[in-house]
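Fold and geometry: a report
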Amino acid sequence: ARHSSTRTALMASHVGRLPVANRRVPRPRVARRPAGRCVAAAGLDSWRVSSDRSQQRPDTAPPNDFTGAVGVGADINTTTTTRRAALTGALVACVAPTVPEAFAKLSTTESVLLNIDPARSYHQNVPTLFAPLFGDDSRETILTCVVPDVLWFLTQNLALGPLETPIRCVVVKLEDGGLWVHAPLAPTSEFFSLIESLGDVQHVVVPTYALEHKIFAKDALVRWPASKLWVVTGQFSFPVEVSDEYVFGRIPDGVLGVGGRDGRVVFNENKAQNPPWLNEIECDVLRAGRFDVLGKDVSLYEATFLHRKTKTLIVTDCVALIPSEIPPLQTPEKLLLVGKTSTDDPQPPDTLENRRRGWKKMCLLITYFFPEHEDLVRPGLVTWSEGWETNFAAIADRLLVPPVVRATLYSQDPERVKSFVDRVVGDWDFEQIIPAHWAAPIDATPVTFKNAFRFLEDDKRDPFNEGDMRRGLKPIADSVVKGRVGFGTSAKT
């Protein structure tokens, strides 16, 4: 299996399974909308997020299908009550048979009762630490049009037990009419059909080392065999080294940042390696940091892109905006579960207020792993103390570098990261950012982008809450960064 970042590793999940006719099939998600949903461009303003808090509309919530009370399955309120239990469950999760085989064994009545949509089912054939670990699962996909007939993104959810966070794929229509697909998502029929409704895929891009953003590239290439594959430099695997051809099903057509170099990707002498889309979509590669993976010294890279025509910056993990309002794909039952003050409390009534409490706590758990106000009283009993809402407000509704990226990667060589930021803000003109996680699109300019990295000038500027960092991220960051500070300051080494 390809290497997953620390963030991905802690986004692991135990996928609950229901026995049906002596078979085991993925536990279905609550169906809140028909397959193939598309958010029209005309309605995008209600989804767009401003990185300037003074320009936000706190009283206006994006649509999240709140329809009042819903039934809560008893399974939601059992063993998976915290992410600690979810992490433990991930280690013992069982592998299910393939979805088609499972469906073949179900009666019509059983399929209706389980509310399983084949268009949202898929098989994950590489072990990971996020749902479903390995095997079969289902994900819903939403297609959002940003600029009509030019720019879109598709959103699914990445799950860790009761925790869910949006994960995103960006699609650009090039001048010749072909599609450029950035970081394909779970290979469901719904996902493929939504993209194919936009045109013919010509290019598939793997922008990072992180497992959740590249694991499904092979499936996408099987679906679109005529497309070309472009991967960022520094791909690696563990516990044994395997070739890119094995991982992606073919040899990449080109590598972004050839030879382990970071910096601006430009046309080179080897014409076969030149991405034909570079005149429309510029690319800059950052060597973000290094990890020791089972004794192997590994450099981690991320490619950032600028779509000139729409003035859109396309990023993976370097910046994000955590919204205070609930994204549309969140599961209501999970929000209510996570929102409880104590794991001993009964499931609360399904109200918008209770869902929002769950969303904000979910954000703290995903962002910090072990936030300050979540306390383990005794095995099996976790409670939340007062003050968590203030801590959430400190990270919400603003463009920032996610704490896990800032603490474990960018702190290793701030000068290299600063050179990357200077290149982006000095050479590129953009008006919005589409990250791979949390909210999108984000109204932001080069000034906004640079402000998110102001900690590079002084690590005491824009600090994250010390209590939130202390129990989870700081010990991890200290172990990673130890011996890594200043691992190379030249942007070309």
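Structural notes, computed from the coordinates. Not measured: the values here are computed from a predicted model.

A short note on the pattern of salt bridges
- Tallying each qualifying case throughout the model produces 26 salt bridges.
- Here Lys309 and Glu175 are joined by a salt bridge, their closest N and O atoms 3.8 Å apart. Placement of Lys309 in the loop between strand S16 (296-307) and strand S17 (312-314) and of Glu175 in the loop between strand S9 (163-173) and strand S10 (179-182) is noted, with a sequence separation of 134 residues between them. When sorted by exposure, Lys309 lands in the same class as Glu175, which is exposed.
- Between Arg264 and Asp284 there is a salt bridge, with the nearest N and O atoms lying 2.9 Å from each other.

Details of the sheet that holds strand S4 (residues 49-50)
- The sheet built from seven strands is open, its strands ordered S4-S23-S22-S17-S16-S15-S14 with mixed pairing. Because the sheet does not close on itself, it has two edges, and the strands there are S4 and strand S14 (263-264).
- Bridge count for S17 against strand S22 (residues 432-434) is three bridges, and the pairing is parallel. Residue pairing across strands places Thr312 opposite Gln432, the latter belonging to S22.
- Against the sheet, helix H11 (residues 403-410) makes contact with strand S15 (281-293) and S16, and its axis sits at roughly 65° relative to S15, the strand it touches most.
- With respect to the sheet, helix H12 (residues 414-427) is in contact with S14, S15, S16 and S17, its orientation differing from that of S15 by roughly 170°.

What about the pairing of strand S20 (residues 381-384)?
- Inspection of the sheet shows strand S19 (residues 374-378) paired to S20 by four bridges, in the antiparallel sense. Bridged to Asp375 within S20 is Thr383.
- Hairpin connection from S19 to S20: two residues lie between these consecutive antiparallel strands, with Gly380 at a positive phi of about 95°.

Some words on helix H10 (residues 388-395)
- Residues Trp388, Asn391, Phe392 and Ile395 constitute the buried set of H10. Looking straight down H10, one finds its buried side chains confined to an arc of 100°; they lie on one side.
- Where H10 is buried, its residues meet helix H9 (352-368), S20, strand S21 (399-400) and helix H14 (466-470).
- Positive backbone phi, approximately 60°, marks Asp397, located one or two places after H10.

Quick notes on the nonpolar core
- The biggest cluster of nonpolar side chains holds 65 residues, and the ones touching the most others in it are Val319, Tyr410, Ile433, Phe449 and Phe453.
- For this core, the leading source of residues is H9, giving seven residues.
- Beyond its immediate sequence surroundings of up to four residues, Ile433 is in contact with Leu313, Val315, Val319, Leu399, Pro441, Ile442, Ala444 and Phe449.
- Cys145, Ile167, Val181 and Leu194 belong to the second largest nonpolar core, which has 33 residues in total.

What counts, and at which threshold
- The residue numbers shown here count from 1 along each chain, following its written sequence.
- It should be noted that, the model being predicted, local features are given only for residues of pLDDT at least 70 and side-chain atom pairs only at 80 or more, the latter also being counted only at that level, while totals for whole chains, interfaces and linings use all residues.
- Excluding hydrogens and water, the side-chain values take into account all heavy atoms of the structure.
- Any Lys or Arg side-chain nitrogen located within 4 Å of an Asp or Glu carboxyl oxygen qualifies as a salt bridge.
- The way it works is that DSSP assigns letters per residue, a run of H or I at least four long becomes a helix, a run of E at least two long becomes a strand, and they are numbered from the N terminus.
- Remark: exposure states derive from per-residue accessible area (1.4 Å probe, protein chains only) relative to the maximum for the residue type, with buried under 20%, exposed over 50%, and partly exposed in between.
- The rule for pairing is simple: two strands pair if DSSP sees at least two bridges between them.
- Contacts between residues were defined by any pair of non-hydrogen atoms, one from each residue, lying within 4.5 Å.
- Every angle, taken between N-to-C directions, lies between 0 and 180 degrees, and every axis is a line fitted to C-alpha atoms, over only the stretch in contact when it is a helix.
- Read the arc as the range of directions from the helix axis to the C-beta atoms.
- Each nonpolar core is a collection of buried residues, namely Ala, Val, Leu, Ile, Met, Phe, Trp, Tyr and Cys, held together in the definition by side-chain atoms within 4.5 Å.

In short, shape yes, function no, at least from these values alone.
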